[in-house]
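Structural features, examined
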Amino acid sequence: MPYTKRRRLVRTAVALALGATTLAACGTESGDSETESGPASLTYWTWTPGMDKVVDLWNKGPGKKDQITVTVKKQASGDTLVTKILTAHKAGKAPDLVQAEYQALPTLVSNDALADISKNVSDAKGRFADGVWQQTTLGTDAVYAVPQDIGPMMFYYREDLFKQYGLTVPTTWDEFAETARKLKKAAPDKDLTTFSANDSGLFAGLAQQAGAKWWTTSGDQWKVSIDDAATQKVAKFWGGLVEEGAVDNQPMYTPAWNKALNTGKQIAWVSAVWAPGTLTTAAPDTKGKWAMAPLPQWSASENRTGSWGGSSTGVTTDSKHQEAAAKFAAWLNTDSDALNALATESGIYPAAKNAQTSGAFLKPPAYFSNQADFYTKAADIAETTAPSAWGPNVNVAYTTFKDAFGAAAKNKSDFGAALKKMQADTVADMKKQGFGVAR
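About the cut-offs
Residues numbered from 1 in each chain as written. Predicted model: local features only at pLDDT ≥ 70, side-chain atom pairs only at ≥ 80, totals over all residues. Heavy atoms only, no water. Helix = DSSP H or I, 4+ residues; strand = E, 2+ residues; numbered from the N terminus. Rg over C-alpha atoms; globule rule 2.2 N^0.38 Å. Buried < 20%, exposed > 50% of the residue type's maximum accessible area, 1.4 Å probe, protein only. Contact = heavy atoms within 4.5 Å. Areas by Shrake-Rupley, 256 points an atom, 1.4 Å probe, with all protein chains shown as cover. Lys, Arg positive; Asp, Glu negative; His and termini not counted. Charge placed at Lys NZ, Arg CZ, Asp CG, Glu CD. Salt bridge = Lys/Arg side-chain N within 4 Å of Asp/Glu carboxyl O. Expected span 1.5 Å × (residues − 1). Arc of directions from axis to C-beta. Polar contact = N/O pair within 3.5 Å; in protein donor to acceptor, adjacent residues only side chain to side chain. Phe/Tyr/Trp six-rings, centres within 6.5 Å; stacked < 30°, edge-to-face > 60°. Domains from an automatic or database assignment.

In the nomenclature of an unreviewed UniProt entry, the chain corresponds to Multiple sugar transport system substrate-binding protein from the organism Streptomyces violarus.

Along the backbone of the chain there are 17 helices and twelve strands. Taken over C-alpha atoms, the radius of gyration comes to 22 Å for the chain, in line with the 22 Å a tight globule of 439 residues would show. The principal-axis extents of the C-alpha atoms in the chain amount to approximately 70 × 50 × 40 Å. Looking at the chain as a whole, 58% of its 439 residues qualify as buried. Taking all contacts inside the chain whose residues are at least 6 apart in sequence as the whole, residues at least 24 apart take part in 75%. About 17800 Å² of surface is accessible on the chain, with carbon and sulfur atoms providing 49% of the total. Averaged over its 46 positive side-chain charges, the chain has a centre that lies 4 Å from the centre of its 44 negative ones.

Let us now look at the pattern of salt bridges. Per the counting criterion, the structure on display carries nine salt bridges. Notably, a salt bridge pairs Lys 327 with Asp 66, separated by 3.9 Å at the nearest N-O pair. Of this pair, Lys 327 sits in helix α13 (residues 322-334) while Asp 66 is found in helix α2 (residues 62-66), placing the two residues 261 residues apart along the sequence. On the accessibility criterion, Lys 327 (40% relative accessible area) is partly exposed.

Our focus in this paragraph is helix α17 (residues 415-433). Between its terminal C-alpha atoms α17 stretches 27 Å, which fits the 27 Å expected from 19 residues at 1.5 Å a residue. All of the buried residues along α17 are Phe 415, Ala 418, Leu 419, Met 422, Gln 423, Thr 426, Val 427, Asp 429 and Met 430. Down the axis of α17, the buried side of the element spans an arc of 165 degrees, and every buried residue falls inside it. Turned more than 90 degrees away from the buried face of α17, the exposed residues are Lys 420, Lys 431 and Lys 432. At its buried positions, α17 is contacted by α9 (200-210), β7 (215-218), β8 (221-224), α10 (229-244), α16 (394-411) and β12 (437-438). For α17, the side-chain oxygen to backbone nitrogen distance between the N-cap and Gly 416 is 2.8 Å, and the N-cap itself is Asp 414. Gly 434, located one to two residues past α17, shows a positive phi value of around 100 degrees.

This part takes up the packing of aromatic side chains. Across all of its chains, the model carries 40 aromatic pairs by this definition. Between the aromatic rings of Tyr 157 and Phe 162, the centroid separation amounts to 5.0 Å while the plane-to-plane angle is 50 degrees, which identifies the pairing as tilted. Here Tyr 157 falls in the buried class, since its relative accessible area comes to 11%. Note on Trp 173 and Phe 176: the rings are 5.0 Å apart at their centroids and 65 degrees apart in plane angle, and the pair reads as edge-to-face. Here Trp 173 and its partner Phe 176 are both found in helix α8 (residues 173-186), three residues apart, which amounts to about one turn of the helix. In this structure Trp 173 comes out as buried when scored by relative accessible area, which is 1%. Residue Phe 176 is classed as buried on the basis of its relative accessible area of 0%.

Counting buried positions over the eight residues of helix α6 (residues 130-137) gives seven, a clear majority of the element. Residues of α6 that are buried: Gly 131, Val 132, Trp 133, Gln 134, Gln 135, Thr 136 and Thr 137. Tucked inside the fold, the buried residues of α6 contact α4 (105-110), α5 (118-121), β6 (146-158) and β11 (307-315). Leu 138, located one to two residues past α6, shows a positive phi value of around 60 degrees.

Let us now look at the environment of Phe 162. As for its placement among the helices and strands, Phe 162 is situated in helix α7 (residues 159-164). Judged by relative accessible area, which is 2%, Phe 162 ranks as buried. Note: C-alpha distance between Phe 162 and Ile 381 (219 residues apart in sequence) is 22 Å. Setting aside residues no more than four positions away along its own chain, Phe 162 makes contact with Phe 155, Tyr 157, Leu 167, Thr 168, Val 169, Pro 170, Thr 179, Leu 192, Ile 267 and Ala 268.

The next subject is the domain arrangement of the chain. As assigned here, the chain comprises domain 1 (40-150 + 310-355) and domain 2 (158-306 + 387-433). The centre of domain 1, based on its C-alpha atoms, is set 29 Å off from the matching centre of domain 2. Facing the eleven residues of domain 1 at the interface are ten residues of domain 2. Inspection of the region where domain 1 meets domain 2 yields zero salt bridges. Connecting domain 1 to domain 2 are four residue pairs in polar contact (both at pLDDT 80 or more). Counting only elements with at least two residues in the side of domain 1 that touches domain 2, the list comes to α4 and α6.

Here it is as structure tokens:
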């Protein structure tokens, strides 16, 4: 089945057409592969630690009963894995199952590498927050993966130092800015937090919370709106704080950043549910001194958060056993025993709502032993996850963000210009690949 300048994104009544990319193939929907009967041996590419132990539960239980065996093949994560999957798919040799970050799904779908498994996993939808499930459907009637883990964003702060400086936990971004200024006035050597450009997911999540829709479709074309009003608002807000010196402008995850958190030079962090693990390493001397609260809102009437991280389990179009693979993907991410094992063996925060306050999440993280309701509060926040809108070249947008915003933060220059650069580079790359882009 030839494809020239257009390629499948969905095979539903709400089909969307995309521009061509270099990898052309004709895939199949779930159920279009050869008739499935008898034993099925599946291969699963994943980077999650301890996944082999989780899969053992399947192979010895439901999988054994259904004669479906899954073998884990450990992989690198991020763009490295996406490239490997597409290379294997081009040769018709992709594995049956793949772990994929949410922002990578449009790239895999536009290259016809992921099957629509909606017929096999529709019963799982109710187990996830709407904003989470939407990330695996790309806003269509198709389902390209089952959510596995998520990273709802939250606000972390030093309880003791907030009390010492008479600070109130901000509930709006305006209050956040005033809190930063109040701290700087009371303790010029301290910062509320930093704006960091070395992790694009943070900015993307903040834009998502503000209502950004970076990639959407218009007829048979993509529409790129990385510099939309919502994102401009976020960029202007943080750029203003950096320019006036109300917050720091240093990158995260450096020895200097770790020291700032550990010594109390920085007393808050806009992060996600996985932050306790990072703080345990970065700021070991402050264990039990932090607390978590919902992300500040753009208006007092709003209640939503963005996502920073998270992944899903997809079934490839190359799989000869798509129905069996979909059955495993659903089990892995909805079964209570599997979810508890993912939490204890792999350290993930599950996307499934029922697992967020049970099993391994009945007690708070050791680092937050002072906040007994940590995971109850986290689950409430996760339920408010805003919809996202990813596109086929997130990697290009993220790379430009690091370069352009990194320079702007360092020089305390115009974040708006950096955002325009991000928009321009993303559009130029899509056109270069042959995607139709409406603007």
